[in-house]
Amino acid sequence: MEVNRNKLDQLVSATRSLFDKVENNERVAGGLMKQCEALQQSLSSTQEYQGSVQVLGQGSSNRRQLVEIEGAYVQQLQTENSELKAMLEEYQSTLELILSKYR
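What you see is a predicted model; the values in this text were computed from it and never measured. (Residues numbered from 1 in each chain as written. Predicted model: local features only at pLDDT ≥ 70, side-chain atom pairs only at ≥ 80, totals over all residues. Heavy atoms only, no water.)

Peer 1: Would you explain the overall build of the protein in this entry?
Peer 2: Assigned secondary structure in the protein consists of two helices and zero strands. A compact globule built from 103 residues would reach a C-alpha radius of gyration of about 13 Å, whereas the protein, at 24 Å, exceeds it by more than 25%. Looking at the 103 residues of the protein, the share that counts as buried comes to 14%. Surface exposure of the protein reaches about 8,700 Å², of which carbon and sulfur atoms provide 55%. A gap of 7 Å separates the mean positions of the 11 positive and 14 negative side-chain charges of the protein. (Helix = DSSP H or I, 4+ residues; strand = E, 2+ residues; numbered from the N terminus. Rg over C-alpha atoms; globule rule 2.2 N^0.38 Å. Buried < 20%, exposed > 50% of the residue type's maximum accessible area, 1.4 Å probe, protein only. Areas by Shrake-Rupley, 256 points an atom, 1.4 Å probe, with all protein chains shown as cover. Lys, Arg positive; Asp, Glu negative; His and termini not counted. Charge placed at Lys NZ, Arg CZ, Asp CG, Glu CD.)

Next up, the structure:
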């Protein structure tokens, strides 16, 4: 009876460990998904910016429009940079938490 109890305890412990790992992997995957979405948005913005610059460079000598577009682009990059920095800090704290559990 004691052997079955020990095996059951081991099974419960292993199940909890696997559940924690799955839960952690889901969190990490969710974070990576957010990063991919942010990078996709950044890529889209960059392509839009390059297209605007190309149009302005080809047909127009109006530098004011170019400066406004660049200013908007810089502002968007600063916002994205802040968001990515916050996500990076969150990942670092999550990794530190995970590593502290396995030490």
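Peer 1: Would you mind going over the pattern of salt bridges with me for this structure?
Peer 2: Between side chains of opposite charge, a pair can form as their charged atoms come close. Inspection of the entire model under this criterion finds one salt bridge. For the salt bridge of arginine 5 with aspartate 9, the shortest nitrogen-to-oxygen distance reads 3.9 Å. Of the two residues, arginine 5 and aspartate 9 are both situated in helix H1 (residues 2–59); the distance of four residues between them amounts to about one turn of the helix. Judged by relative accessible area, which is 36%, aspartate 9 ranks as partly exposed. (Salt bridge = Lys/Arg side-chain N within 4 Å of Asp/Glu carboxyl O.)

Peer 1: Is there a simple way to think about a nonpolar patch on the surface in this case?
Peer 2: On the surface, a cluster of nonpolar side chains totalling about 250 Å² of accessible area is made up of Leu8, Leu11 and Val12. Secondary-structure assignment places leucine 8 in helix H1. The class of leucine 8 is partly exposed, set by a relative accessible area of 44%. (Patch = residues over 30% accessible without salt bridge, like charges linked within 9 Å, V, L, I, M, F, W, Y side chains within 5 Å.)

Peer 1: Just checking my understanding: could you explain the environment of arginine 27 for this structure?
Peer 2: Of note, arginine 27 is situated in helix H1. Arginine 27 sits in the partly exposed class, given a relative accessible area of 46%. Sequence separation between arginine 27 and serine 93 is 66 residues; the distance between their C-alpha atoms is 13 Å.

Peer 1: Please explain the environment of glutamate 2 as it appears in this structure.
Peer 2: Residue placement: glutamate 2 occurs in helix H1. When the C-alpha atoms of glutamate 2 and glycine 31 are compared, they prove to be 43 Å apart, with 29 residues separating the residues in sequence.

Peer 1: Explanation requested: the packing of aromatic side chains in the structure shown.
Peer 2: By convention here, two paired aromatic rings are described through the distance between centres and the angle between planes. Within this structure, the stated rule accounts for one aromatic pair. Where tyrosine 49 meets tyrosine 73, the ring centres are 4.2 Å apart and the plane angle is 10°; that geometry is what we call stacked. Here tyrosine 73 lies in helix H2 (residues 63–101) and tyrosine 49 lies in helix H1, a separation of 24 residues in the sequence. Tyrosine 73 sits in the buried class, given a relative accessible area of 16%. (Phe/Tyr/Trp six-rings, centres within 6.5 Å; stacked < 30°, edge-to-face > 60°.)

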